[in-house]
Amino acid sequence: MCSQFIPTVEYMASKDDNFNLKWRAYIEFRTILKIQPVQIFSELQETLCVDCPSRSTVERWAVRFSSSDADVTDLPRSGRPVSVTTSENIALIKIWSWKTSALLSIS
């Protein structure tokens, strides 16, 4: 028999790159257990406080998980690509800043 997974406050509140995946997975598991979105939202709000997704977001994800084989990961989006900070980018910005300052005679 499987035991019900209920994450600890520390687990849910630890913000990292997978923070959204954590609460989406929580919504997915609670939806599988036939817990209503209002109750799921209440649990998340109690655990995450200000970092909690909105009630409408919880409801939207619960509907997705109950009606299809939705995945907790984000789908690719069109538009501006993700910004990346690299040593090369930093060097280019420093050069651009230096050239701009020289052109404008700013010290």
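Basis of the calculations
Residues numbered from 1 in each chain as written. Predicted model: local features only at pLDDT ≥ 70, side-chain atom pairs only at ≥ 80, totals over all residues. Heavy atoms only, no water. Axes fitted to C-alpha atoms, helices over the stretch in contact; angles between N-to-C directions. Helix = DSSP H or I, 4+ residues; strand = E, 2+ residues; numbered from the N terminus. Parallel < 35°, antiparallel > 145°, perpendicular 65-115°, else oblique. Left-handed = near helix turned anticlockwise from the far one by under 90°. Contact = heavy atoms within 4.5 Å. Nonpolar A, V, L, I, M, F, W, Y, C, P; charged D, E, K, R; others polar. Expected span 1.5 Å × (residues − 1). Core = buried A, V, L, I, M, F, W, Y, C linked by side-chain atoms within 4.5 Å. Buried < 20%, exposed > 50% of the residue type's maximum accessible area, 1.4 Å probe, protein only.

- The name recorded for the chain in an unreviewed UniProt entry is Transposase, from Oopsacas minuta.

## Notes on the packing of helix H3 (residues 37-48) against helix H4 (residues 55-67)
Then comes step 1: One way to put it is that H3 packs onto H4 with a least axis distance of 9 Å and a crossing angle of 130°. One finds that H3 runs oblique with respect to H4. Relative to H4, H3 is oriented so that their crossing is right-handed. Contact with H3, carried on its side by Pro37, Ile40, Phe41 and Leu44, involves Arg55, Val58, Glu59 and Ala62 of H4 and no other residues of that element.
Then comes step 2: In terms of residue class, the contact of H3 with H4 is made up of six nonpolar, no polar and two charged.

## Section: unusual backbone geometry
Then comes step 1: The backbone of lysine 34 shows a phi angle near 65°, a positive value even though the residue is not glycine.
Then comes step 2: If you trace the backbone, lysine 34 turns up in the loop between helix H2 (19-32) and H3.

## Remarks on helix H5 (residues 87-104)
Then comes step 1: Along its 18 residues, H5 runs 26 Å from first to last C-alpha, staying within 8% of the 26 Å computed at 1.5 Å per residue.
Then comes step 2: Directly after H5, the chain includes serine 105, whose backbone phi takes a positive value near 55°.

## Thoughts on the nonpolar core
Then comes step 1: With 13 residues, the main nonpolar core has Trp23, Ile27, Ile40, Leu44, Leu48 and Val58 as its most contacted residues.
Then comes step 2: Looking at this core, the elements with two or more residues in it are H2, H3 and H4.

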